[in-house]
Amino acid sequence: MSRLPLSFIVGSVLTFIFVFAAVLSFFWTPYDVTLLDIAGKFQVPSMAHLFGTDHFGRDIFSMIMVGARNAIAVSLVAVGIGMAIGVPLGLWAAATKMNKGHIIDEMLMRGNDLIFAFPSLLMAIMITAVFGPGAINAIIAIGIFNIPVFARMTRGAALGLWSREYIMAARVCGKGSMRISYEHILPNILNLLIVQATIQFSIAIIAEASLSYVGLGTQPPNPSLGRMLNEAQTMIFFAPWLAYFPGGAIVTMVLGLNLMGDGIRDLLDPKLRKRRKESDVAA
Amino acid sequence: MLSYFLKRVLSLIITLFTATIVIFLMIEVVPGDPAAFMMGLSGSTEAADALRAELGLNMSAWDRYFNWLTGMMSGDFGLSYTYRVPVSELIIDRTLVSVPLTVYALILSTIIAIPVGVISASRRGTAVDTSLMGVAQVGVAIPNFWFAILLVLLFSTTLRWFSAGGFPGWEAGFIECVKALTLPAISLALPQAAILSRVMRSSVLEVMNEDYIRTARAKGLSKRQALMRHGLRNAMIPVLTILGLQFSFLLAGGIIIESIFSLPGLGRLVFQSIAQRDLIVVKSIVTMLVFAVVMITFMVDMAYAVVDPRLREGDKS
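A quick note: this is a predicted structure, and the numbers were derived from the prediction, not measured.

## Quick notes on the environment of alanine 303 of chain B
Along the polypeptide, alanine 303 of chain B turns up in helix α12 (residues 279–307). For alanine 303 of chain B, a count of 14 C-beta atoms within 10 Å gives the class partly exposed.

Take a look at the structure:
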C-alpha cells in the first residue's frame, strides 16, 4: 500500500464531517430547530447565525444539521433494504444458474428488468403519494429501486467466481451451493458491494431530497434539505442564502460519498492500480 | 440472429404485460374514490354513483383491467376524470413539450460531454484532466432541481435573459419555445453531461489501449489522428447505450423540473394527476413511460446484436 488516493482522503473527510454533524445533532444544535423566532426572521448569515435564518427565524445551520441526519437515516435504511434483499437474490440467481436451475435465474432476472423499466423517481413519487408522504414510505420507495441494482451486480460478480478453482474445490468437498455462496462467493465480492453501496447511498440522498422537495419525504416540523429548498424557492429573490446553503450541503455530502467510493475502489482493486500504472507508462 | 430476435421480442412482450398488471394493481390500492373526489364535498350519493357508472368504476377489477388493456391497444386510453377529455389527447399535448425538452437536454449534454471526455482522456493525468473531472464530480452531485433554482436566480432574476417559467405554446413560434425550454433543458442536462463525460473519458482510455490503435500509430498516425479516425467511433458505443437509457430517464425525470418551470409537460401532468386522483391519466402515462424504457433498451440491444455477433449468443458469460 503506497499512499492513499487523494479522492479517498477528501471524500472521507467530507463524509465524516456530515456524519459527525448528523450524530451531533442528536445531542446539540446551535439553536432549537423547532423554535420559531418571527422577530429574527430573514437574518443574513452572521456570526450568530452562520447560514442566516429563514422566514420563521429558524437557524439554517441547525436545520441543515438535522436535515443531514434525516437524509442519512433515510438513505442508510433504503440502501440497507436494497442490499439485504438484492444481494441474496443475486447470489441465489447465480447459484441456480450454475446448478442447472435456469428457470429461477431467468425469473429473478426478468423481475429485475421489470423494476428497472419503471422510471424510479416517478414511481417513488407515486408510492409516497399513494401510501402517504413521510420518511418511512420514502425509505421503501427508494429501497425498492435499490434491490435490482444490487441483485444484478451480485449475480454478475458471483457468476464470474463460480468457475474458479477454489469454488470447484469447495464443491468437491461436498458443500452445497448456498454454503458456497455465503462462505466463498460473498466475501470475495464484498469489495464491489461496498463501492456500489457508497454510490447508491449518494443517489439515495439526492432521491430523498427530491421527494422532500415535492413534499413527499420527511414531514414538518422535522427539517429536511429538500423541503428547505422548496420553501426557499419563493423567497430566493430577497433571501438567496435560503437556497444556497441547503443545496450546497446536499452537493457536498453527495460529492464526499462519491469521492470516497471512487477512493475505496482504487484502494481495493490492486488490478486497477496496476493497470493504471502500466497505461500511464504507455501514455 | 432470428432466434435471438424472437427470444428478445417474447421477453419484451412479457415484461410489458407484467408491467401493465403491476401498474393496474398499484393504482387499485390507491386510497380515495375518484368519483367522490370529483363530486366534491357537496356531491350527493346518487350523483357519485352515476358518475362511478359512467367512469366504469362499478365493474369488476378484472373487467376494468381487460377494458383498459384492449382500449390502449386500439389507442383509446379512456377519459380523464378531471379534465374530461380523452387521455390520449392530453398525453399527445404534453408530449409535444416533454419530448422536445428531453431531446434538447440530450443534445446539450452530448455536446458538452463528448469533447470534455475526449479532452480529458487525451490529456490524462494533466491539470486539464484533473480539473475537468473534478467539475464532472461536482456536476454528478448537484441535484437538478437545485441547479434549476440557481439558474433562475442568475438568468431570470439577475440578468433577466430568460423568463423564470411558463411555456408559450408552439403557436408562439419556434424561437420563443426554445427560449422557454432553455433553462429547464440546461438544468436537466448538466448532471447527465457530468455522468456522460466520465463514461466517455473511460471509454476513450480503454479504446486507446487497443491493438488497432497501436497499429494505426505504427503506420505513422499521430495520437490525435489515430483517436479521431479509429478510436472515437469505437469509444462511442458505451456512450450510446447510456444515451439511450438517459432518454427515458430524462423523460420521466423532467417531473420536478417541469414543475419548477411550470412547463405543461408529461411530468407535471402525472404529478398533478396523482394529487387529483386522476388515476386513469397516471396509469396511462406510467405505462407509456415503461413502454418507452423497454423499447429503447430493446432497440439498443438489437443494434448491438447487429453490430457485434458475439452478443447474439445471449448472456452466457
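Following the structure, the description resumes.
## Some thoughts on the interface of chain B and chain A
Residue-level contacts link 35 residues of chain B with 33 residues of chain A. Elements with a minimum of two residues in the side of chain B that touches chain A: α1 (2–28), α6 (127–141), α7 (144–158), α10 (223–260), α11 (266–275) and α12 of chain B. In terms of residues, the side of chain B that touches chain A owes the most to one element, α10 of chain B, which gives 6 residues. In the side of chain B that touches chain A, the residues fall into 25 nonpolar, 9 polar and 1 charged.

## Describing helix α9 (residues 241–268) of chain A
The end-to-end C-alpha distance of α9 of chain A is 40 Å, a good match for the 40 Å that 28 residues give at a rise of 1.5 Å each. Counting buried residues in α9 of chain A gives 21 out of 28 residues, a clear majority hidden from the surface.

## Let's talk about the packing of helix α7 (residues 177–213) of chain A against helix α8 (residues 225–233) of chain A
Between two packed helices, both the angle of their axes relative to each other and the distance between the axes serve to describe the pair. Residue and element names in this part refer to chain A. Packing of α7 against α8 brings their axes to within 6 Å, and their N-to-C directions diverge by 45°. When the axes of α7 and α8 are compared, the pair comes out oblique. Like other packed secondary-structure pairs, α7 and α8 cross with a definite hand, here right-handed. Here Glu208, Ala209, Ser210, Leu211, Ser212 and Tyr213 of α7 come into contact with α8, specifically with Leu225, Gly226, Arg227, Leu229 and Asn230. Here the contact of α7 with α8 is built from residues that sort into 5 nonpolar, 4 polar and 2 charged.

## Let's talk about the environment of isoleucine 180 of chain A
All names here are of chain A. Inspection of the secondary structure assignment puts isoleucine 180 in helix α7. Since 23 C-beta atoms lie within 10 Å of it, isoleucine 180 is described here as buried. The spatial distance from the C-alpha of isoleucine 180 to the C-alpha of glycine 247 is 45 Å, given a sequence separation of 67 residues. Among residues more than four places away in sequence, those in contact with isoleucine 180 are Ile167, Ala170, Arg171, Lys175 and Ile185.

## Some points on the confidence of the model for chain B
All names here are of chain B. For chain B, the average pLDDT comes to 81, and 90% of its residues sit at 70 or higher. The lowest-confidence element of chain B is helix α2 (residues 34–39), averaging 65 in pLDDT; the highest-confidence one is helix α5 (residues 87–122), averaging 89. For this predicted complex, the interface score ipTM comes out at 0.81, while the overall pTM is 0.83.

## Brief notes about the domain arrangement of chain B
Partitioning chain B into structural domains gives domain 1 (2–73) and domain 2 (87–275). Its C-alpha centre places domain 1 of chain B at a distance of 35 Å from the equivalent point of domain 2 of chain B.

The rules behind these values
- Residues numbered from 1 in each chain as written.
- Chains lettered and ligands numbered in written order.
- Predicted model: local features only at pLDDT ≥ 70, side-chain atom pairs only at ≥ 80, totals over all residues.
- Helix = DSSP H or I, 4+ residues; strand = E, 2+ residues; numbered from the N terminus.
- Buried ≥ 20, exposed ≤ 12 C-beta atoms within 10 Å, placed from the backbone.
- Contact = placed C-beta atoms within 7 Å.
- Nonpolar A, V, L, I, M, F, W, Y, C, P; charged D, E, K, R; others polar.
- Expected span 1.5 Å × (residues − 1).
- Axes fitted to C-alpha atoms, helices over the stretch in contact; angles between N-to-C directions.
- Parallel < 35°, antiparallel > 145°, perpendicular 65-115°, else oblique.
- Left-handed = near helix turned anticlockwise from the far one by under 90°.
- pLDDT = per-residue confidence, 0-100.
- Domains from an automatic or database assignment.

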